[in-house]
Amino acid sequence: MNDKTKDRISKDAYFMKIAEVVSLRSTCIKRKVGAVLVKDSHILSTGYNGVPSGFKHCTPETCVRKHLKSGEKPELCRGVHAEINCIIQAAIHGTSIKGNTILYSTTFPCMNCLKLIINAGIKKLFYKEGYNMENKVKESLFKESSLIIEQF
């Protein structure tokens, strides 16, 4: 290894760092999540969690879930999750995610996002921190799928 490449980070570390930067755009009061969708080592789209485009962002005063436990009553949340925004952005721009696609996410997906990721045909999921990992239904879902999951 020469001096120029010894400090070079791996592609997985590179894309996860980009997901971390993307999370800084999140407008969610409770959790900042970023995601990057990659196909054949090229970024297709990015996404972060927040309200739908054109809507007013939540504030500490308007967040209806700020005092609820994590994952409690998700139907009250106005936000769109980072992973879904990533898939939506690819669709809006006419970019096929079929093939050798990897999703890098700063947080393990919720149950609904996991189902959409599986249905979208994404091949691999890298995540940084766990979320609701004790959910046995979610565990059985990803074990039954062909989705490859790896914590970063």
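These notes cover the structure that comes with them.

1. Brief notes about the layout of surface pockets
Each pocket or cavity is described by its volume, and for the largest pocket that value is around 690 Å³. What lines the largest pocket is a set of 35 residues, among which R65, P74, C77, H81 and Y131 lie closest to the centre. Residue assignment for the lining of the largest pocket shows that the elements contributing at least two residues are helix 2 (82-92) and helix 3 (111-119). Across the lining of the largest pocket, the residue classes break down as 17 nonpolar, twelve polar and six charged. Its volume calculated, the second largest pocket comes out at about 330 Å³. Taken together, 17 residues make up the lining of the second largest pocket; nearest its centre are Y48, V51, S53, N85 and Q89. Listing elements by their share of the lining of the second largest pocket, those giving two or more residues are strand 2 (42-48) and helix 2. Residue contributions to the lining of the second largest pocket peak at four residues, all from helix 2. Of the residues contributing to the lining of the second largest pocket, the split by class is seven nonpolar, nine polar and one charged.

2. Observations regarding the nonpolar core
Note that soluble globular proteins tend to have their nonpolar side chains buried in a common cluster. With 21 residues, the main nonpolar core has L37, I97, L103, F108, I117, I122 and L147 as its most contacted residues. Secondary-structure elements contributing two or more residues to this core are strand 1 (34-39), helix 2, helix 3 and strand 4 (124-129). The biggest single contributor to this core is helix 2, with five residues. When residues no more than four places from it in sequence are discounted, the contact partners of L147 are L114, I117, I118, I122, K123, K124, L125 and F142. Within the second largest apolar cluster, nine residues are counted, among which are M16, V38, Y104 and F126.

Conventions and cut-offs
- Residues numbered from 1 in each chain as written.
- Predicted model: local features only at pLDDT ≥ 70, side-chain atom pairs only at ≥ 80, totals over all residues.
- Heavy atoms only, no water.
- 1 Å grid on protein atoms, 1.4 Å probe; cavity = no way out; pocket = protein on both sides within 12 Å on 5 of 7 lines; lining within 4 Å.
- Points joined across faces, edges and corners; volume = space filled by probe spheres on them.
- Helix = DSSP H or I, 4+ residues; strand = E, 2+ residues; numbered from the N terminus.
- Nonpolar A, V, L, I, M, F, W, Y, C, P; charged D, E, K, R; others polar.
- Core = buried A, V, L, I, M, F, W, Y, C linked by side-chain atoms within 4.5 Å.
- Buried < 20%, exposed > 50% of the residue type's maximum accessible area, 1.4 Å probe, protein only.
- Contact = heavy atoms within 4.5 Å.

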